[in-house]
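As a plain string of letters, each chain reads:
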There are 2 protein chains.
Amino acid sequence: MNGEGEDADRWNRWGSASEAQPLPDSASELLAQLLELTPTPPAVPLPEVAMPVAEPDGAVLTALRAAVGTDHVLTSPAIRARHATGLSTPDLLRRRRGVLHRAPQAVVRPADHAEVLAVLDICSQHRVPVAPFGGGTSVVGGVTPTATAHLTIDLGRLDRILAVDAVSRTATLQAGLPTPRAAELLAEHGFTLGHVPQSYEYATIGGFAATRSCGQASTGYGRFDELVTELTVATPRGTIRVGRAPASAAGPDLRQLFLGSEGTLGVITDVTVRVRPIPAQTHYEGWRFESFAAGLHAVRRLAQEGPRATVLRLSDEVETLIGATGWGQSDGGCLLVVGYEGEQVHATAETAAAVLAAQDGQPLGAEPGRQWQRHRFDAPYLRDALLDAGAFAETLETAAYWSRLPEVHERVRAAILGALPEGTLVLAHVSHVYETGASLYFTVICSPGSDPIDRWRTAKAAASDAIARAGGTITHHHGVGTDHRDWYATEIGELAVDLLRTVKRQLDPAGILNPGILVP
Amino acid sequence: MNGEGEDADRWNRWGSASEAQPLPDSASELLAQLLELTPTPPAVPLPEVAMPVAEPDGAVLTALRAAVGTDHVLTSPAIRARHATGLSTPDLLRRRRGVLHRAPQAVVRPADHAEVLAVLDICSQHRVPVAPFGGGTSVVGGVTPTATAHLTIDLGRLDRILAVDAVSRTATLQAGLPTPRAAELLAEHGFTLGHVPQSYEYATIGGFAATRSCGQASTGYGRFDELVTELTVATPRGTIRVGRAPASAAGPDLRQLFLGSEGTLGVITDVTVRVRPIPAQTHYEGWRFESFAAGLHAVRRLAQEGPRATVLRLSDEVETLIGATGWGQSDGGCLLVVGYEGEQVHATAETAAAVLAAQDGQPLGAEPGRQWQRHRFDAPYLRDALLDAGAFAETLETAAYWSRLPEVHERVRAAILGALPEGTLVLAHVSHVYETGASLYFTVICSPGSDPIDRWRTAKAAASDAIARAGGTITHHHGVGTDHRDWYATEIGELAVDLLRTVKRQLDPAGILNPGILVP
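Keep in mind it's a predicted model, so treat the numbers as computed, not measured.

A look at the pairing of strand β18 (residues 437-446) of chain B
Residue and element names in this part refer to chain B. Within β18, ten of the ten residues are buried, which leaves it mostly tucked inside the rest of the structure. Examined bridge by bridge, strand β16 (residues 392-401) and β18 share ten bridges and lie antiparallel to one another. Along β18, the bridge assignment pairs E397 with Y441. In the sheet, strand β17 (residues 425-430) pairs with β18 via five bridges, with the strands oriented antiparallel. Residue pairing across strands places H429 opposite Y441, the latter belonging to β18. If you look at the hairpin formed by β17 and β18, you'll find six residues sitting between the two strands.

Structure (structure tokens):
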């Protein structure tokens, strides 16, 4: 994104204003009954946003311009503002208010791996912190380092497909490729990545790798970290290129040190990923279960015994009632959406249907599946509409073993409800399943109060504590960023944190890479 | 293993003498025609083996005895000899000759994680190198550190199953559990690990984790590193316990730093692994392909399009002729053994059969499958018989993308044949398949000459160079040890090696853990 021009009105929303989706009337009525709505004041226009005034050092600017070209070192306020935060709800509220507490001094747009190395070299010499930036869709504070001044490396120019191996079914993609463009380029070869996170429209390949992203079709296609066979990382100490075979016993799997490193150990500049043929057929359908517990039992059966679906998405009672099929149009129970992609999907669906029916599932036919497909990217647009309507909406997520999942669900719900005013809605679903467990994704809608950011901070902390106590991981696919950093440290333990610090010092002796992100 | 008693005669063979398998007559005749056999002199009895005489430091012994009990600090020559090497062919030849250039000063047998920590603490204080030891089945020099004197930590007393979660299908197993015992313990709960490497009879759970082992049924059950959801590691700096959910985006996956670390970063004391119900049905069958190229094409189809088999094992022309179905009884072409385990295996086999037939495979029925199952653990016994008969036999392995596999096969064969005398046999098979590629496993049988260890060193170096040049990984499932260390460094690059050194220094400041293994 270049920060100006056609999508300038997208700056404080997920999508551009022209894509705005009004809330359904039923939703507005329900919200008005449940919540104290506080209509958001009109958003401050981008040119009027307040940011720290911090002139970049002249010598640094000169060196950067020499390294990447004058046109690719950008210092306009609009561009700085766009690269200042991710797109969590607190980020959006700060943008709407027009007050950013941090912003990059400049945005540098290197053309390739060599230029990324050059930028890191300059920043190391001058001890200028840098934040790598792809689609800017972090919802955990992942692009806003805690340094008092920093530069952002926007990877938007690393947008090419470098190689396709049709026999081995791999493709080498540059880090700055937005997902839809990657899909187009792969489609020219008949392939798909199968990675479809909710951030699909804007997120980039490098960001998926740096945060261990997981898409809606992960049950069938795998998590992003499972797709990566090789990666190239630019670090202040030089280049690391790891992975050279489908699998190896040659020492620790060093790819896994950079996947999930969130820009703190280096800048991932390209990844080689496993791809699959564009599916010949797709089939999505809905099932109803009496309760979330019954639904969990059924999806566990499918996850453990097969057949393997491509998408499995089970909403709890509240989400089914509120969100999944239109507001308040449910007749109770829980909705499961199952999707199959590939060849002979109908045979697979039939086998799976027998399993689901044996678990007391009631088939709802293809319509709920079509509905879900039609609306699969809607949630962040709906969040804009909720904010417009004066409600607060945010999400959080975890994963746990099957045996712990019901308790995690209950405890996190209770923690959120306990921390927020009456009328708060907590919706949840399972959307990524494994043989040993599943993810849990919560959506919270509440009265914003006078300081919604502070209110949410308290609720989120309560939820995070509940996740830790109930044995979940602090994040299944959003990443650690700044928001989860303290819980992450507890989750891996002090010695492991020390280890990460040591690795960081080794690769980034000047400590310039995303300080304050991930590593406490 | 305690080094004395019932299996004392196993010390210089894979299996005990009572399990010895004579070579088939046809094999003996063929070998006599092809090779210059050099009958091995009678093996030196264990009590007469020459080892470095190195008295352990008295203060160290006292401290160790206090930590683990006097009975668990062993210094008898027999025990020291048994823990001195792994079981590669050069290791066996050294054992038969009765000359070991390195051997532990003592073997310490801690009872649990806390005692392992205590031993590491003592050894760190006194700067005594230590080698963790499970089944001692390394074929890459993985249990013989290059220090002039060292102690061995035998994990044999960590042999319990700590937990089973039947809902989540996970089990927590201690590191010293031999695989058959782990199988028994899991079977009490109706589960199987599905991890069946050729070393099954002797190797241990911790060793699988430390070396990224991969079993014969990896196509269906997954590699060992894919089974591990959590692990506990004792390091000189304390305990690391990582993994707490089926999947996570909470930073780098630190499990992957310890999996494959070969005892250089810590001692893995337990792992939590994904388990599966004992399969209701199993079905194995054979197929014939005109050529290795045709067979590769067919197994790639199955790996990429399904249905997923549990075992896929394709022998090249020479292995088919020589080894797979009895010596010299093949009618040419290549043998594929396919195995299915689970429910409804016959339906799966039928679907797969259609795929294989469409790739010009000729069905050979169930007999070759039964044959393979019956003889799946025979190879190392056969190696003993070959050594007895005066031939030299050893194996090596790699993995590569499908597009590179034919070239890797050709180049490695050529490199081995070029480095060894006429008459050398090079057999190869694919036994682990992935969507993006497969493993390649080579068996070499040649005349031993006057110095078989030196002869093999030259041939192995030529093969390793060929693997690197053709784009394979230096090891798919044997590990790095000392034998692959130099190629490993080239494979991951100097900066990554530095990184590993840094991690090692952080966890093992005194540098006591397996010096000379893995990290150059």
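Focus: the relation of the copies chain A and chain B
Overlay of chain A on chain B (RMSD 0.0 Å): rotation 180°, translation along the axis 0.0 Å. Both copies of the chain, as the preceding transformation shows, are related through a two-fold rotation axis. Comparing interface residues between copies, 99% of those in chain A also lie at the interface in chain B; the contact surface is shared.

A look at the packing of aromatic side chains
Remark: the centre distance and the inter-plane angle together describe each pair of aromatic rings, the angle taken between the planes. In total, this model carries ten aromatic pairs over all chains according to the counting rule given. Note on Y284 of chain A and W372 of chain A: the rings are 5.8 Å apart at their centroids and 25° apart in plane angle, and the pair reads as stacked. Highlighted residues: Y284 of chain A in strand β12 (residues 281-289) and W372 of chain A in helix α14 (residues 367-375), separated in sequence by 88 residues. Accessibility assignment for this pair places Y284 of chain A and W372 of chain A in one class, buried. Pairing F392 of chain B with W456 of chain B gives two aromatic rings, centres 5.6 Å apart and planes at 35°, and the pair type is tilted. With F392 of chain B in strand β16 and W456 of chain B in helix α17 (residues 452-470), the pair connects residues that are 64 residues apart, well separated along the chain. Accessibility expressed as a relative area gives 2% for F392 of chain B, which makes it buried.

A closer look at the UniProt feature "binding site: substrate" (unreviewed entry) in chain A
Residues and elements named next belong to chain A. UniProt annotation of "binding site: substrate" (unreviewed entry) refers to R383 when read in the numbering used here. Among the structural elements, R383 can be located in helix α15 (residues 379-389). The contacts of R383, once residues within four sequence positions are left out, are W14, L87, S88, T89, L92, A393 and E394. A distance of 2.8 Å separates a polar atom in the side chain of R383 from the backbone oxygen of L87.

Concerning the sheet that holds strand β1 (residues 73-74) of chain B
All names here are of chain B. Here four strands make up an open sheet; going across it, the order is β1-β2-β4-β3 and the pairing mixed. The open sheet has two edge strands, β1 and β3 (130-133), and neither has a second partner. In this structure, β3 lies alongside strand β4 (residues 151-154), joined through four bridges in parallel fashion. Bridge pairing in β4 places V130 opposite L151.

Calculation criteria
Residues numbered from 1 in each chain as written. Chains lettered and ligands numbered in written order. Predicted model: local features only at pLDDT ≥ 70, side-chain atom pairs only at ≥ 80, totals over all residues. Heavy atoms only, no water. Buried < 20%, exposed > 50% of the residue type's maximum accessible area, 1.4 Å probe, protein only. Helix = DSSP H or I, 4+ residues; strand = E, 2+ residues; numbered from the N terminus. Pairing = 2+ DSSP bridges. Least-squares fit on C-alpha atoms with pLDDT ≥ 70 in both. Contact = heavy atoms within 4.5 Å. Phe/Tyr/Trp six-rings, centres within 6.5 Å; stacked < 30°, edge-to-face > 60°. UniProt positions renumbered as here; feature names shortened; annotations may be inferred. Polar contact = N/O pair within 3.5 Å; in protein donor to acceptor, adjacent residues only side chain to side chain.

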